[in-house]
Amino acid sequence: MAEITSFDGRTTKVDGAALIDVAVGELLARVGERVRQARARRNIPRRVLAEISGVSPRYLAQLESGEGNISIGLLMRVAIALDLRIEWLVGEDDPWASEVLRMTELFRDAERSVQAQVMSLLTATEPQGQRAQRLCLIGLRGAGKSTLGQLAGEALDVPFVELNREIELAGGMPVEEIMALYGQEGYRKLEADALSRVVATHDRLVLAVGGGIVAEPATYHRLLSHFHTIWLKASATEHMERVRAQGDERPMAGNPEAMNDLRSILQAREALYERAHAQLDTSGASLDDTLKRLLALIAERGFLE
């Protein structure tokens with residue numbers, strides 16, 4: 001027999017199995033509350049979180065109420081969609097009261113120059129040479145990664161590679177069919193493998209990647225470690241207009257909330273995109289002007305010397 005103490009100070013004797021049940025119940029309640037808090041802090045509607053994570057809205061509702069018997073795999077999906085480490089949802093310490101989270105928030109709010117100094121101190125032993133002469137453009141669909149990447153590669157006389165094309169070559173089919181056949185997990189595995197091949201075969205190139213790569217922690221860490229990265233920023237409206245200007249109506253098809261969803265996804269990923277080594281705001285600028293500013297930024301930062 002063991003003893004447990006309730007919040008009102010009463011002590012109750014229970015057997016081992018009951019004690020485990022209590023611990024599991026407390027864990028589920030803690031996880032549910034942290035998921036709810038994280039979603040509220042990031043202002044992500046449950047419907048959008050369901051779309052990003054691949055976990056149903058009904059299951060998310062059960063999870064947030066402390067009634068979800070969630071598997072580790074599903075919980076990882078939710079954690080990634082909320083830009084959290086999975087241990088922050090299940091650990092006994094409150095992540096919002098921890099020094100680690102406090103440091104993260106201070107870092108996110110700091111000026112870019114301060115962030116660069118902090119990163120320089122924290123990565124003082126990191127071999128900068130492993131990024132070689134590799135440049136990667138990141139951002140949501142419609143940011144101009146493919147167009148600007150192609151033009152920048154031509155101007156700098158370096159190869160331009162689209163990671164999705166490498167994924168299609170490895171999978172033997174278009175990305176849409178890969179997603180339909182193998183799902184998100186299968187696509188992410190091919191994406192990680194394709195990135196490793198690019199690193200192994202290119203010391204000098206411009207790479208464009210899918211907007212969702214930042215939500216896969218291990219792959220994104222590898223990208224940041226082996227590439228000089230630039231986040232191509234734009235408003236949600238411009239992202240949507242550019243995609244539609246290319247003749248792609250899928251973002252709006254049958255979804256009247258498409259624009260709100262896009263804004264929520266952009267907001268949810270903003271902190272991840274900000275980990276890039278540089279940023280370039282493409283809002284309201286012509287292609288020629290944006291290309292000139294991109295090339296000037298590359299030269300200024302010495303990304304492709």
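About the thresholds
Residues numbered from 1 in each chain as written. Predicted model: local features only at pLDDT ≥ 70, side-chain atom pairs only at ≥ 80, totals over all residues. Heavy atoms only, no water. Helix = DSSP H or I, 4+ residues; strand = E, 2+ residues; numbered from the N terminus. Buried < 20%, exposed > 50% of the residue type's maximum accessible area, 1.4 Å probe, protein only. Contact = heavy atoms within 4.5 Å. Areas by Shrake-Rupley, 256 points an atom, 1.4 Å probe, with all protein chains shown as cover. Salt bridge = Lys/Arg side-chain N within 4 Å of Asp/Glu carboxyl O. Phe/Tyr/Trp six-rings, centres within 6.5 Å; stacked < 30°, edge-to-face > 60°. Lys NZ or Arg CZ within 6 Å of the ring centre and 35° of its normal. Core = buried A, V, L, I, M, F, W, Y, C linked by side-chain atoms within 4.5 Å. Axes fitted to C-alpha atoms, helices over the stretch in contact; angles between N-to-C directions. Parallel < 35°, antiparallel > 145°, perpendicular 65-115°, else oblique. Left-handed = near helix turned anticlockwise from the far one by under 90°. Nonpolar A, V, L, I, M, F, W, Y, C, P; charged D, E, K, R; others polar. Pairing = 2+ DSSP bridges.

(A) Region of interest: the overall build of the chain. Along the backbone of the chain there are 14 helices and seven strands. Considering the chain as a whole, with its 305 residues, one finds that 38% of them fall into the buried category. For the chain, the share of sequence-separated contacts (at least 6 apart) that also reach a separation of at least 24 residues comes to 71%. Within the structure as shown, the chain displays about 16500 Å² of accessible surface, and the carbon and sulfur contribution to it stands at 53%.

(B) Geometry of unusual backbone geometry. In this model, A132 sits at a positive phi of 45°, which is unusual for a non-glycine residue. Within the fold, A132 resides in the loop between α7 (112-122) and β3 (133-138). Positive phi values are uncommon outside glycine, yet D157 reaches one of about 60°. Mapped onto the fold, D157 is located in the loop between α8 (145-156) and β4 (160-162). Judged by its relative accessible area of 69%, D157 is exposed.

(C) The pattern of salt bridges, seen in detail. Considering all chains together, one arrives at eight salt bridges under this definition. A salt bridge links D193 to K189, with the nearest nitrogen and oxygen atoms 2.7 Å apart. Remark: K189 and D193 occur in helix α10 (residues 175-201); sequence separation between them is four residues, near one turn of the helix. A salt bridge links D289 to R293; its shortest N-O distance comes to 3.2 Å.

(D) Main features of the packing of aromatic side chains. A full pass over the atoms with the stated rule returns one aromatic pair. Taken together, a centroid distance of 5.4 Å and an interplanar angle of 25° make the contact between W231 and Y273 stacked. Taken together, the residues span a long stretch of sequence, with W231 in strand β6 (residues 228-233) and Y273 in helix α13 (residues 258-273) at a distance of 42 residues. Note on W231: relative accessible area 4%, which makes it buried. For Y273, a relative accessible area of 0% gives the class buried. The ring of F227 is capped by R134, whose NZ or CZ atom sits 6.0 Å from the centre of that ring.

(E) Up close: the nonpolar core. Judged by nonpolar contacts, the single largest core of 53 residues is most densely connected at L82, I138, L163, L207, V209, L223 and F227. The element contributing the most residues to this core is α10, with eight residues. Here I138 is in contact with K145, V209, V214, Y220, L223, I230, W231, L232, Y273 and A276, once residues within four sequence places are set aside. In this structure, A152, A208, I230 and L291 belong to the second largest nonpolar core, which totals 19 residues.

(F) Inspection of the packing of helix α2 (residues 46-53) against helix α3 (residues 57-64) at higher detail. Relative orientation of the contacting elements α2 and α3 amounts to 110°, with a least axis distance of 9 Å. Comparing the axis directions of α2 and α3 gives the class roughly perpendicular. Handedness of the crossing formed by α2 with α3: right-handed. Each of R46, L49 and A50 in α2 lies in contact with α3, whose residues at this interface are P57, L60, A61 and E64. Its residues assigned to classes, the contact of α2 with α3 comprises five nonpolar, no polar and two charged.

(G) Representation of the pairing of strand β7 (residues 278-281) in the model. Side chains A278 and L280 project from β7 onto a buried face, and the interleaved Q279 and D281 project onto a face without burial. Where β6 meets β7, four bridges bridge the pair, whose relative direction is parallel. If you follow W231 over to β7, its bridge partner there is Q279.

(H) Structural view of the sheet that holds β4. One open sheet accounts for five strands, arranged β4-β5-β3-β6-β7; its pairing is parallel. Strand pairing shows two members of the sheet lacking a second neighbour, β4 and β7, which therefore form its edges. Looking at each pair of strands side by side, their axes are set apart by 25° on average, direction ignored. As paired elements, β3 and strand β5 (residues 204-208) share five bridges and run parallel to each other. When the bridges of β5 are listed, L137 appears paired with A208. Where helix α9 (residues 163-171) meets the sheet, its contacts fall on β4 and β5, and the angle it forms with β4 comes to roughly 60°. Docked against the sheet, helix α11 (residues 217-226) engages β3, β5 and β6, running at close to 135° with respect to β3.

Without other data, these values stay purely geometric and don't point to any function.
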